[in-house]
Amino acid sequence: NIDNNIGAVNYLIGQKSLDEVTQGTLMENLDVITSGPIPPNPSELLISEKMDDLIEELKSKYDYIILDTPPVGLVADALELIEYADASLYVVRQDYTKKDMLHLIQDKHKKGEVTNISFLYNYYDLKGTYGYGYGYGFSYGYRYGYVHSYSFGIRMCLT
């Protein structure tokens, strides 16, 4: 039951207060601020003083703030918001994320534009039972052919 008609954009252009753009969720102690309507100048809004004000207000009200952005390189949002982040989590999806995107984030890290970054590797699929490689995981099975697999997150370091 989250509505995106009003959100961060409305706050950043001065139409609404933080309380007016914040939506509660079905989960206790979890609030959400959606993006709101698509503005003609999203990058300008993200680098405005009003964005600084929003982050400061959020810090005074919440213990944790999660900024969800498109991947670095697709649009400028992530790099413009990274200055507010204590840590960055880059989600890599098996058979989906292009290797070029990993080269891009590695380049940004080497240049110091992205620091304190961790990677989350998801949709891991162990293909076949033969071959070699590296990874970590285990499985257990039930009768009648049902097998439940677990995989563990892999933390990679860029050097």
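Residues numbered from 1 in each chain as written. Predicted model: local features only at pLDDT ≥ 70, side-chain atom pairs only at ≥ 80, totals over all residues. Heavy atoms only, no water.

A. Structural context of helix α6 (residues 99-110). Along its 12 residues, α6 runs 17 Å from first to last C-alpha, staying within 8% of the 16 Å computed at 1.5 Å per residue. For α6, the full list of buried residues reads M101, I105 and K108. Viewed along the axis of α6, the buried residues span an arc of 55°, placing them on a single side of the element. Opposite the buried face of α6, at more than 90 degrees from it, the exposed residues are K99, D100 and K110. One or two steps after α6, the chain reaches G112, where phi turns positive at roughly 85°. (Helix = DSSP H or I, 4+ residues; strand = E, 2+ residues; numbered from the N terminus. Expected span 1.5 Å × (residues − 1). Buried < 20%, exposed > 50% of the residue type's maximum accessible area, 1.4 Å probe, protein only. Arc of directions from axis to C-beta.)

B. Layout of the packing of aromatic side chains. The tally for this structure, following the rule as stated, stands at 2 aromatic pairs. Directly above the ring of Y96 sits R93, whose terminal nitrogen or CZ lies 5.3 Å from the centroid. (Phe/Tyr/Trp six-rings, centres within 6.5 Å; stacked < 30°, edge-to-face > 60°. Lys NZ or Arg CZ within 6 Å of the ring centre and 35° of its normal.)

C. Local environment of a negative patch on the surface. There is a patch of like negative charges on the surface, built from E49, D52, D53, E57 and E83. Residue placement: E57 occurs in helix α4 (residues 49-61). E57 gets classed as partly exposed once you look at its relative accessible area, which sits at 33%. (Patch = residues over 30% accessible without salt bridge, like charges linked within 9 Å, V, L, I, M, F, W, Y side chains within 5 Å. Areas by Shrake-Rupley, 256 points an atom, 1.4 Å probe, with all protein chains shown as cover. Salt bridge = Lys/Arg side-chain N within 4 Å of Asp/Glu carboxyl O. Lys, Arg positive; Asp, Glu negative; His and termini not counted. Charge placed at Lys NZ, Arg CZ, Asp CG, Glu CD.)

D. Seen up close, α4. Relative to the 18 Å expected for 13 residues at 1.5 Å per residue, α4 spans 19 Å between its end C-alpha atoms, a close match to the ideal helical length. Among the residues making up α4, those that are buried are M51, L54, I55 and L58. Down the axis of α4, the sector holding all buried residues measures 95°, keeping them to one side. In α4, those exposed residues whose orientation departs by more than 90 degrees from the buried face are E49 and S60. Buried residues belonging to α4 abut α1 (8-12), α2 (18-21), α3 (42-46) and α5 (77-81). (Contact = heavy atoms within 4.5 Å.)

E. Inspection of unusual backbone geometry at higher detail. Positive phi is not limited to glycine here, since N29 has a value of about 65°. Residue placement: N29 occurs in the loop between β1 (23-24) and β2 (31-32). A positive phi angle, close to 60°, is found at D95, a residue other than glycine. Of note, D95 is situated in the loop between β3 (88-93) and α6.

F. Region of the structure containing the nonpolar core. One finds Y11, L12, L18, M51 and L54 to be the most contacted residues of the largest nonpolar core, which totals 13 residues. Looking at this core, the elements with two or more residues in it are α1, α2, α3 and α4. In terms of residue count, the dominant contributor to this core is α4 (4 residues). V72, A78, M101 and I105 belong to the second-largest nonpolar core, a separate cluster that totals 10 residues. (Core = buried A, V, L, I, M, F, W, Y, C linked by side-chain atoms within 4.5 Å.)

G. Molecular detail of the environment of L104. Tracing the chain through its elements places L104 in helix α6. Through-space distance from the C-alpha of L104 to that of V72 is 7.8 Å; in sequence the pair is 32 residues apart.

H. Layout of the side chain of K108. Topologically, K108 is positioned in helix α6. For K108, a relative accessible area of 16% corresponds to the buried category. Apart from the residues within four sequence positions on either side, K108 is in contact with V72, L79, E113 and V114.

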